[in-house]
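Spelled out from the first residue to the last, the chains are:
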Amino acid sequence: MKITVIGSGYVGLVSGACLAELGNDVLCLDVDPKKIDILNKGGVPIYEPGLEDIIKSNVAAGRLRFTTDVAASVAHGLVQMIAVGTPSGEDGSADLQYVIAAARAIGRNMTEYKVIIDKSTVPVGTADKVKLAVREELNKRGLKTEFSVVSNPEFLKEGAAIDDFNRPDRIVIGADDEQAIKVMREMYAPFQRNHDRLIVMDIKSAELTKYAANAMLATRISFMNELANLAERVGADIEHVRKGIGSDQRIGYHFLYAGCGYGGSCFPKDIRALQRTGEEYGLPLKVLDAVERANDAQKSVLLNKITKRFGDNLKGKHFALWGLAFKPGTDDMREATSRVVMEGLWAKGATITAFDPVAMKETQHIYGDRPDLSYAENSKDALQDADALIIVTEWKAFKSPDFGVIKARMKQPVIFDGRNLFEPGSVTAQGFEYHGIGREG
């Protein structure tokens, strides 16, 4: 099948590369010439484990190409997959300008039937706006060419996106005509051999499903973080509580880990967009308002613990920071807790040496050169002469360290564990002062 992917960002590149891997003829479009130039020279403008290898092999096989030529991209694919960004507007709503611009470009250039897929995360009612934009452009040209608009939301986790695309729990298809559904079944046929993963529904339900999924996951995280804070107050251990409630099959263990808050490009943006949709329809979503407020507060929990231990004036204090990305497996720093922690420490006069396996370049891009931030080549070097170690991201490489080396390199054996990587009793037995989330040493 010939497929055009509009937008060569995170979702577009992963989707395009994985569809090419299945044997499809994929053309990825982006209006940013710098991004396309990087891709055409063999580079990858984002970090995602396994993506670079898939792109290289499919480019070499002739199944994957990149272009800035809008007319050529519209002519190429029966399927036109819109995977452009939908950033938050000032009021929290999803900014659809790039989605609508893509739709208009299709309408200005199409000459035959197309299936237009909304792959971007978009609010309920976006498909109607896409249809209107395409139809308006066709009318300007005096054409009545047929087309279909389908909602096919992505459920990709940064750091595990390749596996998520290739082994989906479900493939949600929102469509209102059989011809479009037939095309979608054909495109996703390779994923159907073990069992039927396609869930076909109306378009508005499909659009809402994506937001509902992320809202539910964010709610579980904020709920556990609030319980963790309560556990500290009453002297309970949140890990014991997690196991106790997770064993209930109605609840399960997933997304029940307490920590220092969620970030990234999806949960915060999607929670705000869903809240805005509720407001537009006169139905404030009170639970999601609480989820967002709880998460905002949780990002400051580590900073509060540090100032409680060392005081509000941190001049002369130096901290080792393990983890900068909002989660392991990515270099994404958008709304990362590390930013709240670092900026809070700097405001109080502290200095930081940070290490992250992949996100240090992105951190440098954000903050530039500053005297109160340095970077280490590895996690051990970051510890040198630190008054405390702060763990913000749960990279696997941080989970089983040599505590003897940590203690030897630090000025003081103090650990603030924002992801509960260590057992408090084991760490304190080795002479450390340990501060976790919902479980103190």
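Please refer to the structure higher up on the page.
Everything numeric in this text was worked out from a predicted model, so none of it was measured. (Residues numbered from 1 in each chain as written. Predicted model: local features only at pLDDT ≥ 70, side-chain atom pairs only at ≥ 80, totals over all residues. Heavy atoms only, no water.)

A. Here's a closer look at the overall build of the protein. Along its length, the protein carries 17 helices and 14 strands. Relative to a compact globule of 441 residues, whose C-alpha radius of gyration would be 22 Å, the protein shows 24 Å and is just as compact. Along the first, second and third principal axes, the C-alpha set of the protein runs to 75 × 45 × 45 Å. Across the 441 residues in the protein, those meeting the buried criterion constitute 53%. In the protein, the proportion of contacts linking residues at least 24 apart, taken out of those at least 6 apart, comes to 72%. For the protein, the exposed area adds up to about 19,800 Å²; of that, 51% sits on carbon and sulfur atoms. Here the protein holds 56 positive side-chain charges and 60 negative ones, and the gap between their average locations is 1 Å. (Helix = DSSP H or I, 4+ residues; strand = E, 2+ residues; numbered from the N terminus. Rg over C-alpha atoms; globule rule 2.2 N^0.38 Å. Buried < 20%, exposed > 50% of the residue type's maximum accessible area, 1.4 Å probe, protein only. Contact = heavy atoms within 4.5 Å. Areas by Shrake-Rupley, 256 points an atom, 1.4 Å probe, with all protein chains shown as cover. Lys, Arg positive; Asp, Glu negative; His and termini not counted. Charge placed at Lys NZ, Arg CZ, Asp CG, Glu CD.)

B. Representation of the packing of helix α11 (residues 267-280) against helix α12 (residues 286-298) within the structure. Orientation of α11 relative to α12, taken along the N-to-C sense of each, is 150°, at an axis distance of 10 Å. In terms of orientation, α11 lies roughly antiparallel with respect to α12. For the crossing formed where α11 meets α12, the hand is left-handed. Note on element contacts: α12 touches α11 through Leu-288, Asp-289 and Glu-292, opposite Ile-271, Arg-272, Leu-274 and Gln-275. The class makeup of the residues in the contact of α11 with α12 is three nonpolar, one polar and three charged. (Axes fitted to C-alpha atoms, helices over the stretch in contact; angles between N-to-C directions. Parallel < 35°, antiparallel > 145°, perpendicular 65-115°, else oblique. Left-handed = near helix turned anticlockwise from the far one by under 90°. Nonpolar A, V, L, I, M, F, W, Y, C, P; charged D, E, K, R; others polar.)

C. Molecular detail of the environment of His-435. Within the element layout of this structure, His-435 appears in strand β14 (residues 433-435). His-435 sits 152 residues away from Leu-283 along the chain, and the two C-alpha atoms are 40 Å apart. Sequence-distant contacts of His-435, that is, excluding residues within four places in its chain, are made with Lys-305, Arg-309, Val-414, Ile-415, Phe-416, Asp-417 and Glu-440. Here Glu-433 takes part through its side chain, which lies 2.8 Å from a polar atom of the side chain of His-435. (Polar contact = N/O pair within 3.5 Å; in protein donor to acceptor, adjacent residues only side chain to side chain.)

D. Spatial organisation of the sheet that holds strand β10 (residues 351-355). Judged by pairing direction, the sheet is parallel, and its six strands sit side by side in the order β11-β10-β9-β12-β13-β14 without closing on themselves. Strands at the two margins of the open sheet, each flanked by one partner only, are β11 (373-375) and β14. When strand polarity is set aside, the average angle formed by the axes of neighbouring strands in this sheet is 20°. One ladder, built from five bridges, connects strand β9 (residues 318-322) with β10; its direction is parallel. (Pairing = 2+ DSSP bridges.)

Remember that the coordinates give geometry; whether it matters functionally is a separate question.
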